[in-house]
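Take a look at the letters that make up each chain.
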Amino acid sequence: DAKTTQPTSMDCAEGRAANLPCNHSTISGNEYVYWYRQIHSQGPQYIIHGLKNNETNEMASLIITEDRKSSTLILPHATLRDTAVYYCIVRVAHYGQNFVFGPGTRLSVLP
Amino acid sequence: DGGITQSPKYLFRKEGQNVTLSCEQNLNHDAMYWYRQDPGQGLRLIYYSQIVNDFQKGDIAEGYSVSREKKESFPLTVTSAQKNPTAFYLCASSPRETRGNSPLHFGNGTRLTVT
């Protein structure tokens, strides 16, 4: 699986959009990009995933560059409850394939 | 409500004792996973199972054992051979489907402290 690089930490003002970047320059054609978040002392929560098209759901939007070497998770109106560690994972679409979680980005939403 | 239940949330044991962590899911998922998380770090895969009565070692299986006798249950035993057992343990599951891109669903973890 391709390796991902994320900033260690970010701050965002409450009510503003939070844009979390992820670099995956060695991604291959059959690898999806997944985003999870983890609030302290809880299990990771699935947010969104995509292959090459931009995706949106009730939680967030995922923007993948045309060359697929990077992506951005957008939380459109961040709230204090969005404070968490956000993980970007690249994984081959194959049943039973492992998800490799790196250290992620610690997002702090500030009042 | 469908989901993954891990119990207990906190577990304390003396060094040298084996301990079993419970993981039950009612999502009808075929695959189940165990991860370990240490403070400030990402998750590391211990064991996973794609089907009943079958399981494979992950990256850090030494000192751990699992069983998969039922589809909904995947207990993890932390043995006395595990040198640093104190950690946050997470169980996850995913369905079997054609495209293979289904996300993992996680339980809320068990925090094990061994003294």
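Fair warning: this is a prediction, and the values are worked out from it, not measured in the lab.

Asks: How do you make sense of the overall build of chain A when you look at a structure like this?
Replies: Scanning chain A from terminus to terminus reveals zero helices and nine strands. N-terminal to C-terminal, the α/β element order of chain A is β-β-β-β-β-β-β-β-β. In terms of C-alpha radius of gyration, chain A reaches 13 Å, essentially the compact-globule figure of 13 Å for 111 residues. If one aligns the C-alpha atoms of chain A with their principal axes, the spans along those axes are about 40 × 30 × 25 Å. Per-residue burial for chain A yields a buried fraction of 46% across its 111 residues.

Asks: Got a minute to help me understand the interface of chain A and chain B in this structure?
Replies: Put simply, an interface is often sized by how much accessible area is lost when its parts join up. With 22 residues of chain A at the contact, the number on the chain B side is 28 residues. Together chain A and chain B conceal approximately 1,900 Å² of surface at their shared face, both sides included; 51% is due to carbon and sulfur atoms. Of all residues in chain A, Ser-41, Tyr-95 and Phe-101 of chain A bury the most surface against chain B, accounting for 34% of the area lost on that side. On the surface where chain A and chain B come into contact, there are zero salt bridges. Our enumeration of links across chain A and chain B arrives at eight residue pairs in polar contact (both at pLDDT 80 or more).

Asks: In this structure, what is going on with the sheet that holds strand S6 (residues 61-64) of chain A? I would like to understand it.
Replies: In a beta sheet, neighbouring strands pair by backbone hydrogen bonds and run either parallel or antiparallel. Residue and element names in this part refer to chain A. On the basis of which strands lie adjacent, the open sheet formed by four strands has the order S2-S7-S6-S5 and antiparallel pairing. At either margin of the open sheet sits one strand with a lone partner, and together these are strand S2 (18-23) and strand S5 (55-56). Across two bridges, the pairing between S5 and S6 is antiparallel. For Thr-56, the partnering residue across the bridge sits in S6 and is Ser-61.

What counts, and at which threshold
- Residues numbered from 1 in each chain as written.
- Chains lettered and ligands numbered in written order.
- Predicted model: local features only at pLDDT ≥ 70, side-chain atom pairs only at ≥ 80, totals over all residues.
- Heavy atoms only, no water.
- Helix = DSSP H or I, 4+ residues; strand = E, 2+ residues; numbered from the N terminus.
- Rg over C-alpha atoms; globule rule 2.2 N^0.38 Å.
- Buried < 20%, exposed > 50% of the residue type's maximum accessible area, 1.4 Å probe, protein only.
- Contact = heavy atoms within 4.5 Å.
- Buried area = accessible area lost by both parts, 1.4 Å probe.
- Salt bridge = Lys/Arg side-chain N within 4 Å of Asp/Glu carboxyl O.
- Polar contact = N/O pair within 3.5 Å; in protein donor to acceptor, adjacent residues only side chain to side chain.
- Pairing = 2+ DSSP bridges.

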